[in-house]
Amino acid sequence: MKKNIIIMGPPGAGKGTAAKKLIDLGYVHISTGDMFREAIKKGTALGQLAEQYIKRGDLVPDELTIGIVKERLSQEDCAKGFLLDGFPRTLVQARALEQLTKEINRQIDVVINLDCGEKELVRRITGRRICKQCGAPYHIDSLKPKVEGVCDLCGGPLYQRNDDNEEAFKVRLEHYTKETKPLLDFYQERGLLRNFNSLGSSEVLFDEIAKFLKS
Ligand code: AMP
């Protein structure tokens, strides 16, 4: 079983959805986006700093982001295997992660890259709704809840992220293309990269990834 994993892909490729399903395989899910959103909700100093970047679609500065990942990855529960979702997003972050994982002897075993066309990304992002309580993802056309605005799983209210609009999406995609996409070469060179097409259903994708991780 592959233990320590990074899941990568452009905004809307399905990283969070796949990651939430993979938790059932025993991985600790570490999403820097979720950590920032939690800090914003709580009104912490980190949240106040991060919010201004996130709502524009910009990247939160490397020092801040690397700091929260260092702290989280060093915690005891990550010893059973972790799944990094949304980190690293820059070369500086990737290098810092490589050094940290060596230091704590929790090296990355594989980098899963999710790929789907740009047109589909816009559709997914602008129609995405998320449960405020449990984080379950929905879509206004392709993944409707049974009752409008209410989560099927926990009954929590659904909301739209304030960076899930076309304007912020454009900025996020630009950051992805310029800063994050080059990391695919970084991991390819290290023999860690594995590509998956995420255009189809999330169930089929999850089965493919799960089979690969268990192999
Ligand atoms: P996500 O939930 O992964 O789409 O992240 C939402 C937003 O949080 C991103 O658009 C960034 O503004 C910020 N963010 C999340 N992860 C990182 C990261 N590794 N580096 C910089 N900013 C990040």
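Residues numbered from 1 in each chain as written. Predicted model: local features only at pLDDT ≥ 70, side-chain atom pairs only at ≥ 80, totals over all residues. Heavy atoms only, no water.

> Looking at this structure, I do not really get the sheet that holds strand β3 (residues 82-85). What am I missing?
Strands pair in a sheet through their backbones, by hydrogen bonds, and they do so in one of two ways: parallel or antiparallel. Read from one edge to the other, the open sheet built from 5 strands follows the order β2-β3-β1-β4-β8, with strand pairing classed as parallel. Every other strand in the sheet has two partners, leaving β2 (28-31) and β8 (193-197) as the edge strands with one partner each. Mean inter-strand twist for the sheet, computed between neighbouring axes without regard to direction, equals 20°. As defined by bridge partners, strand β1 (residues 5-8) adjoins β3 across 3 bridges and the pair is classed as parallel. The residue bridging I6 from the neighbouring strand is L84, located in β3. (Pairing = 2+ DSSP bridges. Helix = DSSP H or I, 4+ residues; strand = E, 2+ residues; numbered from the N terminus. Axes fitted to C-alpha atoms, helices over the stretch in contact; angles between N-to-C directions.)

> Explain the packing of helix α2 (residues 32-42) against helix α3 (residues 45-56) here, please?
When two helices pack together, their arrangement is captured by the angle between the axes and the distance separating the axes. The N-to-C vectors of α2 and α3 enclose an angle of 120°; their axes lie 8 Å apart at closest approach. In this structure, the crossing between α2 and α3 has a hand that is left-handed. Where α2 approaches α3, its residues F36, A39 and I40 are matched on the opposing element by L46, G47, A50, E51 and I54. Classifying every residue of the contact of α2 with α3 by side-chain character gives 6 nonpolar, 1 polar and 1 charged. (Left-handed = near helix turned anticlockwise from the far one by under 90°. Contact = heavy atoms within 4.5 Å. Nonpolar A, V, L, I, M, F, W, Y, C, P; charged D, E, K, R; others polar.)

> Quick question: what am I supposed to make of the site of the ligand here?
The full set close to the ligand counts 16 residues, and T32, R37, D58, G86 and R89 are the nearest of them. Between the ligand and Q93, the relevant distance is 2.9 Å, taken from a nitrogen atom to a side-chain nitrogen or oxygen of the residue. Protein burial of the ligand: of its 480 Å² of free accessible surface, 96% is covered by the chains. Counting residues per element, the shell around the ligand draws most heavily on α2, which supplies 4 residues. Tallied by class, the residues present in the shell around the ligand amount to 5 nonpolar, 5 polar and 6 charged. (Near = heavy atom within 4 Å. Polar contact = N/O pair within 3.5 Å; in protein donor to acceptor, adjacent residues only side chain to side chain. Areas by Shrake-Rupley, 256 points an atom, 1.4 Å probe, with all protein chains shown as cover.)

> So what exactly am I meant to see when it comes to unusual backbone geometry here?
Outside of glycine, negative phi angles account for most residues, and trans bonds account for most peptide bonds. Note the cis peptide between F87 and P88, where omega equals 0°. Note on placement: P88 falls in the loop between β3 and α5 (91-103). The phi dihedral of N105 is positive, around 55°, even though this residue is not glycine. For N105, the position within the fold is in the loop between α5 and β4 (110-115).

> Would you mind going over the environment of R172 with me for this structure?
Structurally, the position occupied by R172 is in helix α7 (residues 166-180). Under the relative-accessibility criterion, R172 is labelled buried at 12%. Once the C-alpha coordinates of R172 and L46 are considered, the two residues, 126 residues apart in sequence, prove to be 20 Å apart. Apart from residues lying up to four places away in sequence, R172 is in contact with P11, G57, I125, R128, R161, D163 and D164. (Buried < 20%, exposed > 50% of the residue type's maximum accessible area, 1.4 Å probe, protein only.)

Remember, this is a structural readout, not a statement about activity or role.
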